[in-house]
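Chain by chain, the residues:
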Amino acid sequence: MGENRIINEHTILRNTDTTPYLSFPVLEQFDFIRHGFSTRLGGVSDGIYESMNLGFNRGDDDDLVRENYERICNSIGIQAKDLVFTDQVHKDHVRIATKEDCGKGIEKERDYSEIDGQITNEKDVPLLAFAADCVPIFFVDPVKKAVGITHSGWKGTAMKIGRRTVEKMTEAYGSNPSDIVAVIGPCIGKECYEVSEEVAEAFRANFTDAQLSTFLEQTDPIHYHLDLWNANREILLESGLTPDHITISGLCTMCNPTLLFSHRLTRGQRGSMAGFICLK
């Protein structure tokens, strides 16, 4: 066991003395899964990618990125060679992953595209979703023994990809939404996330006024603060999850630049983080 540091009541930084990753106590109760969210610490990349960059498409050296994957996966307790990558395009497509998909994106080519969410009920199929301000959402069905992970930026949130993930788990595995436990992971917080009228309009098209009042705040005639944490919470409640099964990590990427990458803070000059989840 490595050394740990409590970030807040919902988030722990584990293995701080080796390769740190964030873990969520509400998911640690399930002994049949492994999960984690990477930080920018504990890797071998340098410059704007320092140090745990997990993006092959950021301009970093691929060998360094591969070493980063080996380190973070070893720390979490999963196999880097078996990772199943997303192909994130800010849409609401969710895919079922199986043992045959292991390694797609890291060891072999993906044969799918435009995938921002993944689910599985097979053991040793580690799912991954990238983030660096957007929301990673972790899903666990402890009854049907199924898991999922979703990348939900503002576009995916406006399209309610979280609901689509719950629907997909229901269709594929017979999950009861009220059994599913979800964690809304680290992302850019409301006070740091100013958006335009165009973004606000995309949310108005798909949410009620009551819902909008919980996560969209107008700051001047053409700007708003968008709370992606509570927007996704509203989506999960609408999808049938119970309030006590939804946890918000409460960690803002932009407010924690020494721990996390933030796309907005660095104007895109950064590495990528990722969330991981796997059935043991």
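Quick look at the structure, then. As the structure is a prediction and not an experimental result, all values here were calculated from the model.

Taken as a whole, this structure holds 9 aromatic pairs when the rule is applied. Each ring, one from F56 and one from Y69, has its centre 5.7 Å from the other, and the planes form 20°; the classification is stacked. With a gap of 13 residues between them, F56 in the loop between strand 4 (33–38) and helix 2 (62–76) and Y69 in helix 2 connect regions that are remote in the sequence. Residue class for F56 comes out partly exposed when judged on its relative accessible area of 23%. Ring centres of F56 and F85 lie 6.4 Å apart, and the angle between their planes is 25°; this geometry places the pair in the stacked category. Taken as a pair, F56 in the loop between strand 4 and helix 2 and F85 in the loop between helix 2 and strand 5 (94–96) lie far apart in primary sequence, 29 residues in all. A relative accessible area of 3% places F85 in the buried class. Connected via pairs of aromatic rings, a cluster forms that spans F56, Y69, F85 and F130. K145 extends its terminal NZ or CZ atom over the ring of F32, reaching a point 4.8 Å from the ring centre. The ring of F207 has K160 lying over it, and the distance from NZ or CZ to the ring centre is 4.5 Å.

Counted at 1.5 Å a residue, the expected span for helix 4 (residues 161–173) with its 13 residues is 18 Å, and the 18 Å between its end C-alpha atoms agrees. Listing the buried residues of helix 4 in full gives I161, G162, T165, V166, K168, M169 and Y173. End-on, the buried residues of helix 4 take up no more than an arc of 160°, which puts them together on one face. Tucked into the core, helix 4 has its buried residues touching strand 5, strand 6 (117–120), strand 8 (135–141), strand 9 (146–152), helix 3 (154–158) and helix 7 (228–238). Looking one or two places after helix 4, you find G174, whose phi comes out positive at around 70°.

A word on unusual backbone geometry. Going from E50 to S51, the amide bond is cis rather than trans, its omega being -5°. When you line up the elements, S51 lands in the loop between strand 4 and helix 2. Unusually for a residue other than glycine, E114 sits at a positive phi of about 55°. Here E114 is to be found in the loop between strand 5 and strand 6. Taking relative accessible area as the criterion, E114 reaches 31% and is therefore assigned partly exposed.

In this section: the nonpolar core. F139, F203, F215, L226 and L236 are the most contacted members of the largest nonpolar core, which totals 35 residues. Sorting the residues of this core by element identifies strand 8, helix 4, strand 10 (181–184), helix 5 (197–204), strand 13 (223–226) and helix 7 as the ones contributing at least two each. Among the elements that line this core, the one with the most residues is helix 7, at 5 residues. Excluding residues that lie within four positions of it along the chain, F203 makes contacts with W154, T157, A158, L212, F215, L226 and A231.

Moving on to the sheet that holds strand 14 (residues 246–248). Reading across from one edge, 5-6-9-8-10-14 is the order of the 6 strands in this open sheet, with mixed pairing throughout. In this open sheet, the two strands that pair with only one neighbour each are strand 5 and strand 14. The sheet shows a mean angle of 15° between the axes of neighbouring strands, taken without regard to direction. Relative to strand 14, strand 10 is paired through 3 bridges, and the arrangement is parallel. Each bridged residue has a counterpart across the sheet, and for V183 the counterpart in strand 14 is T247.

As for its position among the elements, T98 is in the loop between strand 5 and strand 6. Look at T98 and you get partly exposed, because its relative accessible area is 24%. Between the C-alpha atom of T98 and that of V125, which follows or precedes it by 27 residues, the distance is 6.7 Å. Among all residues touching T98, those that are not within four sequence positions of it are E122 and V125.

Criteria and cut-off values
- Residues numbered from 1 in each chain as written.
- Predicted model: local features only at pLDDT ≥ 70, side-chain atom pairs only at ≥ 80, totals over all residues.
- Heavy atoms only, no water.
- Phe/Tyr/Trp six-rings, centres within 6.5 Å; stacked < 30°, edge-to-face > 60°.
- Helix = DSSP H or I, 4+ residues; strand = E, 2+ residues; numbered from the N terminus.
- Buried < 20%, exposed > 50% of the residue type's maximum accessible area, 1.4 Å probe, protein only.
- Lys NZ or Arg CZ within 6 Å of the ring centre and 35° of its normal.
- Expected span 1.5 Å × (residues − 1).
- Arc of directions from axis to C-beta.
- Contact = heavy atoms within 4.5 Å.
- Core = buried A, V, L, I, M, F, W, Y, C linked by side-chain atoms within 4.5 Å.
- Pairing = 2+ DSSP bridges.
- Axes fitted to C-alpha atoms, helices over the stretch in contact; angles between N-to-C directions.

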